[in-house]
Amino acid sequence: MALPPMPIRTASNLTLFYALGYPIGALAVSAMSPMAVLVFRFGLAGAILSAWALIARVTWPTGRTLVHVLISGLLAQALQFVCLYLALMHGAPAVLGAVVISMNPVVTAVLATTFLGEAMTWTRIGALVLGVLAVLAACVGRLLAIGGVDTVVLLLLVALLSIAAGGVYQQRFCSNVDFRATAALQNAVSLLPVAVLATVMPWHVTDPWKAAGAVAAVVLLNATLCMTLYVRAINNYGAAAVAMLFAVIPAVAGLLSWVMLGQRPDIGIAVGLVVGAAACWLNARGSRQQRQDDPAGDGRRQHRVDPIHDAPVTG
């Protein structure tokens, strides 16, 4: 079934709050251990969203659908944020995380060809190549300083793969579940592995007031508001449409990180922003062309009438 285009207001709100998650996440892990931040993040957000879903009397998924929702949460939230926050703890600039994860639309497009039956066009292949170059450009400073691929880069790459896989999985198996139930369950299931990790990793708070403010912002603005918008947008407009926002999110995250944290992007990250935006634009162009060729979303190309020969031709 063909999905409607995403409204500008929805895209703008989701872009702002998703981008804001990088600097406030960096602030939180600078004042408190990452797993402690995530325990509060998933625990409090899960409670808030569950209360909202209960008040709204939404229909909760059961059986196989419930399992799919939980798996999508482990991919899109638990694995992504564990890897991202550990990378931030190890010194990754917030904007570097944003640039690497901004390749979400490109990776999503590749996964969609396998799991959603979408075509792998030359446009998407070009976007994939540009996406790889963007990640390399953004990471080149760290690669040269460290002398190779380090833990931070690997963590960010896993975070990228997990959010792309989670979005595609949710669209494939969970699109008919109410977004409030999905968001609540995703946070709840993500709390379990994070709680286990918190028991075996150091737990510390270096600045209680800073930690309290940053964690409150993470819970309310990112975990509750942003991820609810994210889940709802995937249900309504599809994983590919949501992933397109990552062409803009890194630039917004870079500006916010500069203002809030004083982290100026280096030349490699700046090049990565530009090339990454080009990759996302190229991928979006290919997606628009595919929707024109296949408006019903059923895998069949549209046919039009040749005005000269008065016969149907493939569009």
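In what follows, the structure referred to is the one given above.
Residues numbered from 1 in each chain as written. Predicted model: local features only at pLDDT ≥ 70, side-chain atom pairs only at ≥ 80, totals over all residues. Heavy atoms only, no water.

*Asks:* If you had to explain the overall build of the chain to someone new, which residues and values would you point to?
*Replies:* In terms of helices and strands, the chain carries 12 helices and two strands. Mapped from its N terminus to its C terminus, the chain presents α and β elements in the order α-α-α-α-α-α-α-α-α-α-α-α-β-β. Scored against the burial criterion, the 315 residues of the chain give a buried share of 47%. Across the chain, every contact between residues at least 6 apart in sequence was considered, and the portion connecting residues at least 24 apart equals 86%. Total accessible area on the chain is roughly 14,600 Å²; 68% of this is exposed by carbon and sulfur atoms. (Helix = DSSP H or I, 4+ residues; strand = E, 2+ residues; numbered from the N terminus. Buried < 20%, exposed > 50% of the residue type's maximum accessible area, 1.4 Å probe, protein only. Contact = heavy atoms within 4.5 Å. Areas by Shrake-Rupley, 256 points an atom, 1.4 Å probe, with all protein chains shown as cover.)

*Asks:* Tell me about the environment of Arg180, and name the residues and values.
*Replies:* Following the sequence through the fold, Arg180 ends up in helix 8 (residues 179–200). Once the C-alpha coordinates of Arg180 and Trp52 are considered, the two residues, 128 residues apart in sequence, prove to be 7.3 Å apart. Look past the residues within four positions of Arg180 in its chain and what remains in contact with it is Leu49, Trp52, Ala53, Ala56 and Val58.

*Asks:* I'd love a proper account of helix 9 (residues 208–237), names of residues and values included.
*Replies:* An ideal rise of 1.5 Å per residue puts 44 Å on 30 residues; helix 9 measures up with 40 Å between its terminal C-alpha atoms. Along helix 9, the sharpest kink reaches roughly 30°, centred on Val218. Just downstream of helix 9 lies Gly238, where phi reads positive at about 95°. (Expected span 1.5 Å × (residues − 1). Bend = angle between axes of the 7 residues up to and from the residue.)

*Asks:* Explain the nonpolar core to me, and be specific about the residues and the numbers.
*Replies:* Counting 70 residues, the largest nonpolar core has Leu14, Tyr18, Tyr22, Leu38, Leu84, Tyr85 and Tyr230 as its most contacted members. Filtering out sequence-adjacent residues up to four positions away, Leu38 remains in contact with Gly43, Phe81, Val82, Tyr85 and Val194. Membership of the second largest hydrophobic core comes to seven residues, among which are Val69, Cys174, Val177 and Ala181. (Core = buried A, V, L, I, M, F, W, Y, C linked by side-chain atoms within 4.5 Å.)

*Asks:* Describe the packing of helix 3 (residues 63–89) against helix 7 (residues 151–173), naming the residues involved and giving the relevant values.
*Replies:* With their axes 8 Å apart at the nearest point, helix 3 and helix 7 run at an angle of 160° to one another. Considering the angle they form, helix 3 stands roughly antiparallel to helix 7. The two elements helix 3 and helix 7 cross, and the hand of that crossing is left-handed. For the pair helix 3 and helix 7, the contacting residues are His68, Ile71, Ser72, Leu75, Ala76, Leu79, Gln80, Cys83, Leu84, Leu86 and Ala87 in the first and Val152, Leu155, Leu156, Val158, Ala159, Ser162, Ile163, Ala165, Gly166, Tyr169, Gln170 and Phe173 in the second. (Axes fitted to C-alpha atoms, helices over the stretch in contact; angles between N-to-C directions. Parallel < 35°, antiparallel > 145°, perpendicular 65-115°, else oblique. Left-handed = near helix turned anticlockwise from the far one by under 90°.)

*Asks:* Give me the packing of aromatic side chains: which residues, what numbers.
*Replies:* Inspection of every chain in the model, using the stated rule, returns five aromatic pairs. Ring centres of Tyr169 and Phe173 lie 4.6 Å apart, and the angle between their planes is 45°; this geometry places the pair in the tilted category. In this pair, Tyr169 and Phe173 both sit in helix 7, four residues apart, roughly one turn of the helix. The buried category is assigned to Tyr169, whose relative accessible area is 19%. The exposure class assigned to Phe173 is partly exposed, which follows from its relative accessible area of 32%. Here a set of aromatic residues connected by ring pairs shows up, and it is made of Tyr18, Tyr22 and Tyr230. (Phe/Tyr/Trp six-rings, centres within 6.5 Å; stacked < 30°, edge-to-face > 60°.)

*Asks:* Residue-level account of the pattern of salt bridges, with values.
*Replies:* Summed over the entire model, instances satisfying the criterion amount to one salt bridge. Where Arg180 meets Asp178, a salt bridge forms, and the shortest distance between an N and an O atom there is 2.9 Å. For Arg180, a relative accessible area of 19% puts it in the buried group. (Salt bridge = Lys/Arg side-chain N within 4 Å of Asp/Glu carboxyl O.)

*Asks:* Could you give me a rundown of the environment of Asn236, with the residues and numbers involved?
*Replies:* Looking at where Asn236 falls in the secondary structure, it is placed in helix 9. As a C-alpha pair, Asn236 and Gln171 span 65 residues in sequence and 9.4 Å in three-dimensional space. Ignoring anything within four residues of it in the chain, the contact list for Asn236 reads Leu3 and Pro4.

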